[in-house]
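Structural characterization, general
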Amino acid sequence: MFTRLLLASVLVMSSSSLWANSYSWDFHNGHFDNLSLVPMGPGAVNLLSPTDKGLKITAPAGYNVKMVGFSPRFLIQGDFKIAIDYSITNWTQPKSGYGSGPTIYVSMGTTDDPAASINRRLRPDGRDVYGVFAARVDDGKRIPTAKLFDVPNKSVMDGRLQIQRINDEIIYSAADDLQAEFHELATLPVSDSDVTLVRMGLEQSDAQSAATIKLHRIDIEADELPHLPSEQARTALLYRPRYLPPAEPTSYRWLWQSLIALLVGCITGIWAWRRYN
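Report on the accompanying structure. For clarity, every value in this text was computed on a predicted model and none was experimentally measured. (Residues numbered from 1 in each chain as written. Predicted model: local features only at pLDDT ≥ 70, side-chain atom pairs only at ≥ 80, totals over all residues. Heavy atoms only, no water.)

Section: the pattern of salt bridges
Any two side chains of opposite charge can pair if their charged atoms end up close together. Counted by the stated rule, this structure contains 6 salt bridges. Note that Arg 120 and Asp 128 form a salt bridge whose closest N and O atoms lie 2.7 Å from each other. Classification of Asp 128 as buried rests on a relative accessible area of 3%. Across the pair Arg 127 and Asp 150 runs a salt bridge whose closest N-O atoms are separated by 3.0 Å. Of the two residues, Arg 127 sits in the loop between strand 8 (115-122) and strand 9 (128-138) while Asp 150 sits in strand 10 (residues 141-150), which places them 23 residues apart along the sequence. Look at Arg 127 and you get partly exposed, because its relative accessible area is 30%. A relative accessible area of 47% means that Asp 150 is categorised as partly exposed. (Salt bridge = Lys/Arg side-chain N within 4 Å of Asp/Glu carboxyl O. Buried < 20%, exposed > 50% of the residue type's maximum accessible area, 1.4 Å probe, protein only. Helix = DSSP H or I, 4+ residues; strand = E, 2+ residues; numbered from the N terminus.)

Points about the environment of Thr 196
Looking at the secondary structure, you find Thr 196 in the loop between strand 13 (183-189) and strand 14 (197-203). Remark: the alpha-carbon pair of Thr 196 and Ile 76, spanning 120 residues in sequence, is separated by 7.0 Å.

Remarks on the packing of aromatic side chains
Applying the stated criterion across every chain yields a total of 4 aromatic pairs. Ring centres 6.4 Å apart and planes at 25° place the aromatic pair Phe 27 and Phe 32 in the stacked group. Summarising the burial analysis for this pair, Phe 27 and Phe 32 share the class buried. Measuring from centroid to centroid gives 5.9 Å for Phe 32 and Phe 70, while their planes differ by 75°, and the two rings are edge-to-face. Pair noted here: Phe 32 is in the loop between strand 1 (21-26) and strand 2 (37-40) and Phe 70 is in strand 5 (residues 67-72), with a separation of 38 residues, a long-range link. Comparing Phe 32 with Phe 70, the two get one shared label, buried. (Phe/Tyr/Trp six-rings, centres within 6.5 Å; stacked < 30°, edge-to-face > 60°.)

Here we look at the sheet that holds strand 7 (residues 101-107)
Within a sheet, adjacent strands bond to each other through the backbone by hydrogen bonds, running parallel or antiparallel. Ordered by their spatial adjacency, 7 strands build an open sheet running 2-5-14-7-8-9-10, and the pairing between neighbours is antiparallel. Across the chains shown, the open sheet's two edge strands, defined by having one partner strand only, are strand 2 and strand 10. Going across the sheet, the axis of each strand differs from the next one's by a mean of 15°, ignoring polarity. By the bridge criterion, 4 bridges tie strand 5 to strand 14 in an arrangement that is antiparallel. Looking at the pairing, Val 68 lines up with Leu 202 of strand 14. (Pairing = 2+ DSSP bridges. Axes fitted to C-alpha atoms, helices over the stretch in contact; angles between N-to-C directions.)

By themselves, these observations are geometric and do not establish any function.
Have a look at this one:
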């Protein structure tokens, strides 16, 4: 027992020399960390399912989900590293959009401010790719950059995604299975501002495409992580859950009901005219 405690202490000390704060969550225990994570996206409460094999996230066909997942409640300041381990259970080739698959997205403010994302996507053209996105602001103008990289082994549906910031640059990395080491895809300038929003989960390309993934683990390391669970007893929560109802599929029931009512009215009118004339 003493040996285990000593080993744990050494690991904590070695990690703290690199990062002042860290947060990790393993979803294999079948639980969702409600204290630190907030479900996000239309119908998130119904589309996120904790299981023994990971957090199952579903974007069903016929619903305009766009993005479903979760966000940490805490801020991220300074240099950081954010990573997820995922498995793609199934996905269907979309007809439009940018593609469906697991994603990490970070924002440094509003939609007009710097942002960055990394994802693995099945594209409408059938390509299985890693996608990276960066948006920097220069002289008040937002400048977006996007790059695509073909996945080396499309038959492997497990992998890892990571974004790391050093000063004002984002390093985008991926691993081609759960045991592989990260390899760098690109490095792009973004911003050194505080990260105010992180989204991790599943992106849906269009309402006709379906996809299901499992997230196994998330890891966040940074210079500072205000509002961590250890601090929430003495600080206000940065985010509070806001659950949205699931998106409704396109329905033409009202049109059929109107046509039936019109048909019944015509038949009744003809029957009445013939009977009394």
